[in-house]
Amino acid sequence: MPALQRRKRIGVCVNDKKKRKLNFHVFEELCKSRGYDVTDVDLSLPLSNQGPFDLIIHKLSDLLVEAGQDLKSHYLVQRLQVYLDTHPYTILLDPLPALHTLLDRFQSYHLLRSLESRNNGICSVFSPPCVELVSKHCDIVSLVRAHLTFPIICKTQIAHGPRSHQMSLIFNEGGLNEVTPPCLLQSFINHNATLYKVFVVGSEHFVVRRPSLRNFPLGETDEKTIFFNSHEVSKAESCSHLSQVSHCHTSKWTKQLSPHSANCPTILDVQ
């Protein structure tokens, strides 16, 4: 008799809180009904004793950020990488190199700029001008004058964790005194309070519409810096005054858009 074919095994490296938020039990039941074994992955134990895995689904953003500073977290990530290196047919969703890029806004910006340059000036990919601030010792005002236009949005370098959602919208040079490096300064582009979050899996992509910051007058003004949490503005359930569009101003301000686009641009959040 021919040997029975081994059932495919899916490893899950997601904490209980995230599982509950994602209703992950529905996905697990669906996989099991289609003939896949689903099992939790414990990075504190040798993975070779838990596998073999055909696919590992994970949510390790916290661990990857901590790995740069914490030795234990570093070893856990390294254990996963060693397993992947010795089991090249195991698919990891998402790949670690891609996550490292997305978790660092400096790296993400360089990736977008490289995609922009590949199109020989054709604006299918457009990233607003940015300035990377590594320390307070640089001349922030001179950098902004040379490369950016007001208003300016300020984001932390690390794109994960509670602090990463703390952002500010700066309207004048005086507001630059409140900037704390390492961070990224970016010219704010009016986009009618709408962004589109893009999820990509292989050749498939899924788009979700989210609220965002409303339009603001372009150019330096005396308005005070606005500090906000992006979760309170751009989550699906968000209802913030910062995303409430004033129609009497929308048409006037969108006419002041960057020369890169004749119409109000689409703001994408790619994951």
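Residues numbered from 1 in each chain as written. Predicted model: local features only at pLDDT ≥ 70, side-chain atom pairs only at ≥ 80, totals over all residues. Heavy atoms only, no water.

- The chain carries the name Inositol-tetrakisphosphate 1-kinase-like in an unreviewed UniProt entry, which gives Pelobates cultripes as its organism.
- In its Sequence similarities (unreviewed entry) section, the UniProt entry covering the chain states "Belongs to the ITPK1 family."
- Turning to the chain, the UniProt record has this under Cofactor (unreviewed entry): "Mg(2+)". (UniProt positions renumbered as here; feature names shortened; annotations may be inferred.)

**Comments concerning the environment of V77**
Here's step 1: Relative to the elements of secondary structure, V77 occurs in helix α4 (residues 71-86).
Here's step 2: Residue class for V77 comes out buried when judged on its relative accessible area of 14%.
Here's step 3: Between the alpha carbons of V77 and L60 there is a distance of 8.8 Å; along the sequence they are 17 residues apart.
Here's step 4: If sequence neighbours within four positions are ignored, V77 has contacts with L63, L64, A67 and L96. (Helix = DSSP H or I, 4+ residues; strand = E, 2+ residues; numbered from the N terminus. Buried < 20%, exposed > 50% of the residue type's maximum accessible area, 1.4 Å probe, protein only. Contact = heavy atoms within 4.5 Å.)

**Side note on the pattern of salt bridges**
Here's step 1: Here the structure, examined in full by the defined rule, presents five salt bridges.
Here's step 2: Here K19 ties to E28 by a salt bridge, and the two come within 3.8 Å at their closest N and O atoms.
Here's step 3: Given the relative accessible area of 16%, E28 is considered buried.
Here's step 4: Salt-bridge contacts for D40 lead to K19; the nearest nitrogen and oxygen are separated by 2.6 Å. With a gap of 21 residues between them, D40 in strand β2 (residues 37-40) and K19 in helix α1 (residues 16-22) connect regions that are remote in the sequence.
Here's step 5: Take K19: its relative accessible area is 14%, and that puts it in the buried class. (Salt bridge = Lys/Arg side-chain N within 4 Å of Asp/Glu carboxyl O.)

**Let's talk about helix α2 (residues 24-33)**
Here's step 1: Residues F24, E28 and C31 constitute the buried set of α2. Taken around the axis of α2, the buried residues stretch over an arc of 65°, which confines them to a single face. Facing away from the buried surface of α2 by more than 90 degrees, the exposed residues are V26 and S33.
Here's step 2: Next to the buried residues of α2 lie β1 (9-13), α1, β2 and β3 (55-58).
Here's step 3: One or two positions beyond α2, positive phi appears at G35, with a value near 95°. (Arc of directions from axis to C-beta.)

**Some thoughts on the UniProt feature "binding site: 1D-myo-inositol 1,3,4-trisphosphate" (unreviewed entry) in the chain**
Here's step 1: Per the UniProt record, "binding site: 1D-myo-inositol 1,3,4-trisphosphate" (unreviewed entry) is found at K18, K59, H165 and K197.
Here's step 2: Assessed through its relative accessible area of 23%, K18 is described here as partly exposed.
Here's step 3: By the element assignment, H165 lies in the loop between β6 (152-156) and β7 (166-170).
Here's step 4: The residues contacting H165, other than those within four sequence positions of it, are F228, N229, S230 and H231.

**Side note on unusual backbone geometry**
Here's step 1: Cis rather than trans, the peptide bond between G51 and P52 has omega equal to 5°.
Here's step 2: Assignment of secondary structure puts P52 in the loop between β2 and β3.
Here's step 3: Look at A193: it is not a glycine, yet its phi comes out positive at around 60°.
Here's step 4: Structurally, A193 is set in the loop between β8 (183-187) and β9 (194-201).
Here's step 5: Take A193: its relative accessible area is 7%, and that puts it in the buried class.

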